[in-house]
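# Summary of structural features
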Amino acid sequence: MSQSTPQVPLSAEPSAAPIRRTKSGWLWLRLVVLTALLLLSSVLALFGSNPGLQLLWLLQPHLLPALQMQAVSGDLWQGVRIKQLQYQQPDLQVAVAELALKVDLSCLWQRQLCLPLVQVTQLQVSQTAPESTLPGSALPTSPAESAANGLQLPFSVSIGRLEFSDSAVQLPTQHIRIGLLHTALDLTPARLTLQNLTLAKSRLSLQKDSNNSAANNPLPALLQLQLPVELALPQLHVTDFTLVQAQQTLLQLQSLQTDVLLTANQWQLQNTQLQLQQPELQASGDLLLDRLAQQLALQLQLEA
């Protein structure tokens, strides 16, 4: 009696379809990434070069008519220079004789905007509308509101050297003139840091307004002011500052050196060295203002 034996295949080859599908998925992913990098490189090569910037300059009047530029030179890799830049709105006029800036594109991968240099020459700002109508003029008036709002930034900002020279700001009731200002800036959603800020040959002119009590005593308004972020000014240095009201010199500062930290609850000035010419006064020490308790702590040495 014979029994049938089952037929066993000599070799069992697995199906190649899953492997092919996996390889095909990786190929598509690599193709998409390479295409995106190619497009990004092309855009940077086009608009980062001098011909690309010239093309943007030609297209700018159609894209943003309120902004005018007389000439553009350089590129994003070596630095850009813009001459006679003007921006006009019904109640705001901004003019810059020359703007020079450099961009470090490598920081974008770390969600940072890095500008090694921003240099502004002869900035002229004229604002004719009441300050209360300006966008952003209504600052939060409580620490809770300030903390809740804050700054919503897609990335942090770093400026290696920020410089203003021979600039002026005209407001309805104030005129500010800046001979020279330079600093290094770091901005995050929680803090603005101005490192080694130097301000020289500046002047603040106030219009005389007898009906405005805040002009005579600005302390109550300062106690209510809330900044959207913490402000740190380590190694602040001010020289040759003059405060004038109605053609009368109220204060003439020869030099000020201090470390400033302004938070939602406290304002601090440490390691302060102050020298005034009018009134004639010298002071050194620390200042701490507790804005919640409205208490002021002073540790000063005065020399008249």
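It should be noted that the structure appears before, not after, this text.
A brief look at the structure comes next. (Residues numbered from 1 in each chain as written. Predicted model: local features only at pLDDT ≥ 70, side-chain atom pairs only at ≥ 80, totals over all residues. Heavy atoms only, no water.)

### A word on the overall build of the protein chain
Assigned secondary structure in the protein chain consists of five helices and 12 strands. A burial count over the protein chain gives 25% of its 304 residues as buried. The long-range share in the protein chain, meaning contacts at least 24 apart out of those at least 6 apart in sequence, stands at 48%. (Helix = DSSP H or I, 4+ residues; strand = E, 2+ residues; numbered from the N terminus. Buried < 20%, exposed > 50% of the residue type's maximum accessible area, 1.4 Å probe, protein only. Contact = heavy atoms within 4.5 Å.)

### Some thoughts on the pattern of salt bridges
A complete count under the given rule lists four salt bridges for this structure. Note that Arg 161 is salt-bridged to Glu 163, the shortest N-O span being 3.0 Å. (Salt bridge = Lys/Arg side-chain N within 4 Å of Asp/Glu carboxyl O.)

### What to know about the sheet that holds strand β10 (residues 266–278)
The strand order across the open sheet built from 12 strands is β1-β2-β3-β4-β5-β6-β7-β8-β9-β10-β11-β12, with neighbouring strands paired in mixed fashion. Of all the strands in the sheet, just β1 (67–75) and β12 (295–303) have a single pairing partner and so form its edges. Across the sheet, the mean angle from the axis of one strand to that of its neighbour is 15 degrees, orientation sign disregarded. Pairing geometry for strand β2 (residues 79–89) and strand β3 (residues 92–104), over nine bridges, is antiparallel. (Pairing = 2+ DSSP bridges. Axes fitted to C-alpha atoms, helices over the stretch in contact; angles between N-to-C directions.)

### Some points on the state of the cysteines
Applying the stated rule across the entire model yields one disulfide. Two residues, Cys 107 and Cys 114, share a disulfide whose sulfurs are 2.3 Å apart. Its torsion about the S-S bond being -100 degrees, the disulfide of Cys 107 and Cys 114 is classed as left-handed. Accessibility assignment for this pair places Cys 107 and Cys 114 in one class, buried. (Disulfide = S-S within 2.5 Å.)

### A word on the pairing of β3
Following β2, the chain reverses through two residues before pairing antiparallel with β3. Direction of pairing for β3 relative to strand β4 (residues 112–127): antiparallel, over a ladder of 11 bridges. Bridge assignment links Leu 92 to a residue of β4, and that residue is Gln 127.

### Details of a nonpolar patch on the surface
Residues Leu 296, Leu 298, Leu 300 and Leu 302 make up a contiguous nonpolar surface patch of roughly 410 Å² in combined accessible area. Take Leu 296: it is sitting in strand β12. (Patch = residues over 30% accessible without salt bridge, like charges linked within 9 Å, V, L, I, M, F, W, Y side chains within 5 Å. Areas by Shrake-Rupley, 256 points an atom, 1.4 Å probe, with all protein chains shown as cover.)

### Observations concerning the pairing of strand β8 (residues 230–245)
In the sheet, strand β7 (residues 191–206) pairs with β8 via 11 bridges, with the strands oriented parallel. Across the sheet, residue Arg 203 finds its bridge partner in β8, namely Thr 242. Pairing geometry for β8 and strand β9 (residues 248–262), over 12 bridges, is antiparallel. Across the sheet, residue His 237 finds its bridge partner in β9, namely Gln 257. Turn length for the β8-β9 hairpin, with the two strands adjacent in sequence and antiparallel, is two residues, and the turn residue Ala 246 shows positive phi of about 55 degrees.

### So, unusual backbone geometry
Of the consecutive residues Gln 278 and Pro 279, the connecting peptide bond is found in the cis state with omega at -5 degrees. The phi angle at Gln 235 is positive, at roughly 60 degrees, despite the residue not being glycine. With respect to the helices and strands, the residue Gln 235 is situated in strand β8. If you check the backbone angles, Gln 247 has positive phi at about 65 degrees while not being a glycine. As for its position among the elements, Gln 247 is in the loop between β8 and β9. Overall, the relative accessible area of 76% leaves Gln 247 in the exposed class.

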